[in-house]
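Structural characterization, general
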Amino acid sequence: MSDRSALITGASGAIGTAIARSLASAGLKLALHCHERREGIEALAAELPVDATVIQGDVTRGTDVEAMFAEASDVVGPPTVLVHSAGILRDGFLAMMKESSWDDCVDVSLKGAYLCTKQALRSMTKAKWGRIVYIGSTAGLTGDVSRANYSAAKAGLIGLARSVAREVGRGGITANVVCPGVIESPMTADMNDKRRTELLARIPMGRMGEPAEVAELVGYLVSDGGGYVTGAAIPIDGGLSM
């Protein structure tokens, strides 16, 4: 896949970083997006065995997203793979949730996906080939306490992916959602023992997932071998969402 390039939003997160490494191992040239923490993502780009550039911007702003794709196209070529991994948490019970907490969460995950997809489809349509993967969550499949905003945003990605899949499938473009469950990350590393034990008891496989496992699934979906999978919402959660 060395003749193709991918743009990964939220590449500074644990899952985004693992995806970057996985796609680099497949030979894809990469545009790694960050909103902040540019230094860390530049270190990642420098260690990858492919051409990789760092692009910075706010995925909730159309002008920023347009500039991101223009920069990516100039440096690594027009992206024909989009992985939208950007997302934030603004937890709180719905009855007490601030409007800004709802807007922030939905805007980054869902509006960001819309804006990035709109730009990505230009190069994909021209190439008559494309792969779109949204990083969702089991929360978007089952709901989650104190995360109505996050759950709604991730559920929205499924509707978006299925609409995109229907609109552009005949153009050789696929759109899917990967729905991780509880994944080992700096966030879960800070979890207290009681909460960790409670979570593990709910997971049939009895363990948390690894970012690399999510990345492997994404790698398959963006490959030629994944070309007949589209409109799917695929849980990777050790059975949590059953």
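Everything below is about the structure printed above this text.
One structure accompanies this document, and this report is about it. (Residues numbered from 1 in each chain as written. Predicted model: local features only at pLDDT ≥ 70, side-chain atom pairs only at ≥ 80, totals over all residues. Heavy atoms only, no water.)

**Points about the overall build of the protein**
Applicable threshold: Counting from the N terminus, the helices are the DSSP runs of H or I reaching at least four residues and the strands are the DSSP runs of E reaching at least two. The globule rule used for comparison is 2.2 Å times the number of residues to the exponent 0.38, while the radius of gyration itself is calculated over C-alpha atoms. Throughout, exposure labels follow a simple rule: accessible area from a 1.4 Å probe, protein chains only, divided by the maximum for the residue type, with under 20% read as buried, over 50% as exposed, and the rest as partly exposed. Contact criterion: two residues are considered in contact whenever any of their non-hydrogen atoms come within 4.5 Å of each other. Per-residue and other accessible areas follow the Shrake-Rupley method at a 1.4 Å probe size, with only the shown protein chains counted as cover for residues.
Looking only at helices and strands, the protein has nine helices and seven strands in total. In terms of overall dimensions, the protein is globule-like: its C-alpha atoms have a radius of gyration of 17 Å, near the 18 Å expected for 242 residues. Reported as C-alpha extents along the three principal axes, the dimensions of the protein are approximately 50 × 35 × 35 Å. Across the 242 residues in the protein, those meeting the buried criterion constitute 50%. Summarising the internal contacts of the protein: among those between residues at least 6 apart in sequence, 68% fall at separations of at least 24. Looking at the protein as shown, the accessible area adds up to about 11500 Å², and 52% of this sits on carbon and sulfur atoms.

**Some thoughts on unusual backbone geometry**
The phi dihedral of lysine 128 is positive, around 55°, even though this residue is not glycine. When you line up the elements, lysine 128 lands in the loop between helix H4 (99-127) and strand S5 (130-135). Judged by relative accessible area, lysine 128 falls into the exposed class, the value being 66%.

**A short note on the packing of aromatic side chains**
We apply this condition: Pairing of aromatic rings covers Phe, Tyr and Trp, the last counted by its six-membered ring, and requires centre-to-centre distances within 6.5 Å; plane angles under 30 degrees mean stacked, over 60 mean edge-to-face, and any other angle means tilted. We count a charge as sitting over a ring when the NZ of a lysine or the CZ of an arginine lies within 6 Å of the ring centre and within 35 degrees of the ring normal.
Under the definition given, this model contains zero aromatic pairs. Here arginine 4 stacks its cationic end above the ring of tryptophan 129, 3.7 Å away from the centre of that ring. In this structure, arginine 147 is placed above the aromatic ring of tyrosine 150, and the distance from its NZ or CZ to the ring centre is 6.0 Å.

**Structural notes on the side chain of threonine 60**
The condition that has to hold: In the analysis that follows, any N or O atom pair within 3.5 Å is treated as a polar contact, provided that within protein one partner can donate a hydrogen and the other can accept it, and provided that, for residues neighboring in sequence, both atoms belong to side chains.
Among the secondary structure elements, threonine 60 is positioned in the loop between strand S3 (52-56) and helix H3 (62-76). There is a polar contact of 2.7 Å between the side chain of threonine 60 and the side chain of aspartate 58.

**Here's the deal with the sheet that holds strand S2 (residues 29-34)**
How we decide: When DSSP locates at least two bridges between a pair of strands, those strands are taken to pair. Axis definition: a line fit to C-alpha positions, over the contact stretch in the case of helices; interaxial angles, taken between N-to-C directions, run 0 to 180 degrees.
Taking strand neighbours across the sheet as the criterion, the seven strands line up as S3-S2-S1-S4-S5-S6-S7 in an open arrangement whose pairing is parallel. Two strands in the sheet have a free side with no partner beyond their single neighbour: S3 and strand S7 (233-236). Between one strand and the next, the sheet's axes are offset by a mean angle of 20°, whatever the strand orientation. In terms of strand pairing, strand S1 (residues 5-9) meets strand S4 (residues 81-84) through four bridges, oriented parallel. By the bridge assignment, isoleucine 8 is partnered in S4 with valine 83. Seen against the sheet, H3 touches S1, S2, S3 and S4 and runs at an angle of roughly 165° to S3. Those strands touched by H4 are S1, S4, S5 and strand S6 (173-180), and its axis lies near 175° from that of S4.

**Concerning the pairing of S6**
Strand residues, when the strand is regular, have side chains that alternate between the two faces of the sheet. Extensive coverage of S6 is indicated by the burial of eight of its eight residues. With four bridges connecting them, S6 and S7 associate as parallel partners. Each bridged residue has a counterpart across the sheet, and for valine 177 the counterpart in S7 is alanine 233.

**Brief notes about the packing of H4 against helix H6 (residues 148-168)**
Quick note on the threshold: Convention used here: angles under 35 degrees read as roughly parallel, angles over 145 as roughly antiparallel, angles from 65 to 115 as roughly perpendicular, and any remaining angle as oblique. Helix crossings get a hand from a simple test, with the near helix turned counterclockwise from the far one by less than a right angle marking a left-handed crossing and a clockwise turn marking a right-handed one.
Closest axis-to-axis distance for the H4/H6 pair is 8 Å, and the angle between their directions is 15°. By the angle between their directions, the pair H4 and H6 is classed as roughly parallel. Both H4 and H6 take part in a crossing whose hand is right-handed. Listed contacts from H6 to Ser101, Trp102, Cys105, Val106, Ser109, Leu110, Ala113, Tyr114, Thr117 and Leu121 of H4 are Ala148, Asn149, Tyr150, Ala152, Ala153, Lys154, Gly156, Leu157, Leu160, Val164 and Val168.

**A short note on a nonpolar patch on the surface**
Where we set the bar: Any residue with relative accessible area above 30% and no salt bridge may belong to a patch, with like charges joined within 9 Å and the nonpolar Val, Leu, Ile, Met, Phe, Trp and Tyr side chains within 5 Å. Here, a salt bridge means any side-chain nitrogen of Lys or Arg that lies within 4 Å of a carboxyl oxygen of Asp or Glu.
Residues Phe93, Met96 and Val145 make up a contiguous nonpolar surface patch of roughly 370 Å² in combined accessible area. Tracing the sequence through the fold places methionine 96 in the loop between S4 and H4.

**Observations regarding the environment of glycine 87**
By the secondary structure assignment, glycine 87 is in the loop between S4 and H4. On the basis of relative accessible area, glycine 87 is assigned to the partly exposed category, the value being 40%. For glycine 87 and alanine 153, which are 66 residues apart along the polypeptide, the C-alpha to C-alpha distance reads 9.3 Å. The contact partners of glycine 87, leaving out residues within four places of it in the chain, are Val108 and Ser109.

**A short note on the state of the cysteines**
The condition is simple: A pair of cysteine sulfur atoms is labelled a disulfide when the two atoms are within 2.5 Å.
Applying the stated criterion across every chain yields a total of zero disulfides. Counting only cysteine sulfurs, cysteine 179 is the nearest neighbor of cysteine 105, a cysteine outside any disulfide, at a range of 15 Å. The class of cysteine 105 is buried, set by a relative accessible area of 0%. You can see cysteine 116 has no disulfide; the closest cysteine sulfur is in cysteine 34, sitting 13 Å from it.

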